[in-house]
Amino acid sequence: MEKPAILVVDDELLIRDLLYDFFTGQGWDICVAEDGVKALEILGNRKIDLVLTDIRMPGMDGMELTSEVKQNYPGLPVVLMTAFPSVDTAVEALRKNVADYVIKPFNINQLYKTLKAKLQESGVQ
Amino acid sequence: MTFANEASCRRLLIAEDDIAIANQLAEYFKEFGYQVDLAVGGLKTLTKANSADYGVMLADYKMLGQTGLDVFKSLSITAPDMSVVLMTGYPSLDLVIDALRLGVCDIIVKPFSLGDIDRTIGNAFHHHWAALAYREMARKLNLENKIPPLRPTSAKCGTNAWSALYENSKGSVLPEEEPVR
């Protein structure tokens, strides 16, 4: 069975490295990008099973990236992360049909379980 | 497609304990050709919602007996194609995240304009029609038991469930439609 391919998008190197190391250790295939524009480049070049993105990033933020993903890759689940949760962004996330809205700091094991469940719902795992 | 003839296509249930607001909304939507029923209290709403085919339920979050979200959880089992829109005057982050995870179609914050509620309910009916179309297509391909249920979250963008239907339908042939007379 192919490894699930996850695209992690976050402007903070520390978070990207943490998620890369942990998820790679779980046997997943991880790509990283520091903003929405880089993420879209990766999506255009290879198959991705799930996008995990921060909301607040310079350049193209996570909400804009989500809109692009829903427009161009409608079957692809998106999970949003944020250290600045608000009712407004959560409602916007609900309307954009994201798979989940995760508040930082997160428990990495819990995040792994969440993503695994979303991959199973998509028939990937 | 036969779903256009479904009774639920323009049938709206408004669940709101404030009778004045409920009546006002009902009158407004009747003007647009919707068939509208009212329900008061969480438990009565659940009974009413299960008693007929509604395409959309507009439910207040805070109701006597059960919250709008509790009612939605029950209905997601008995009426999975119904789109549910929650109304609340006091939106909290926890409520919105719970609603997102459970697959509520939309949340609208009171007070809202008639234009806002009109757009929201219009979108919710589109999601319901997508769910009916999905079920109809699955039935025609004899795939009803082989595909995931179309949860509201997937109905919204026609996403994962539609992808599964597509994958499962490879090699299948749609039966010929009866000619319209």
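Residues numbered from 1 in each chain as written. Chains lettered and ligands numbered in written order. Predicted model: local features only at pLDDT ≥ 70, side-chain atom pairs only at ≥ 80, totals over all residues. Heavy atoms only, no water.

## Notes on unusual backbone geometry
Here the amide bond leading from Lys104(A) into Pro105(A) is cis, since omega sits at 0°, within 30 degrees of zero. Counting through the fold element by element, Pro105(A) comes out in the loop between strand E5 (100-103) and helix H5 (108-121). Cis geometry marks the peptide bond from Lys110(B) to Pro111(B), where omega comes out at -5°. With respect to the helices and strands, the residue Pro111(B) is situated in the loop between strand E5 (106-109) and helix H5 (114-140). Unlike most non-glycine residues, Asn97(A) shows phi in positive territory, near 65°. Its place among the elements puts Asn97(A) in the loop between helix H4 (87-95) and E5. Residue class for Asn97(A) comes out buried when judged on its relative accessible area of 5%. (Helix = DSSP H or I, 4+ residues; strand = E, 2+ residues; numbered from the N terminus. Buried < 20%, exposed > 50% of the residue type's maximum accessible area, 1.4 Å probe, protein only.)

## A look at the sheet that holds strand E2 (residues 35-39) of chain B
Residue and element names in this part refer to chain B. Taking strand neighbours across the sheet as the criterion, the 5 strands line up as E2-E1-E3-E4-E5 in an open arrangement whose pairing is parallel. In this open sheet, the two edge strands, each paired with only one partner strand, are E2 and E5. Here the strands of the sheet are splayed against their neighbours by 20° on average, with no regard to which way each runs. Where strand E4 (residues 83-88) meets E5, 4 bridges bridge the pair, whose relative direction is parallel. Each bridged residue has a counterpart across the sheet, and for Leu86 the counterpart in E5 is Ile107. Running at roughly 150° to strand E3 (residues 56-60), helix H3 (residues 68-78) makes contact with E3 and E4 of the sheet. (Pairing = 2+ DSSP bridges. Axes fitted to C-alpha atoms, helices over the stretch in contact; angles between N-to-C directions. Contact = heavy atoms within 4.5 Å.)

Any functional reading would require information that these geometric values do not contain.
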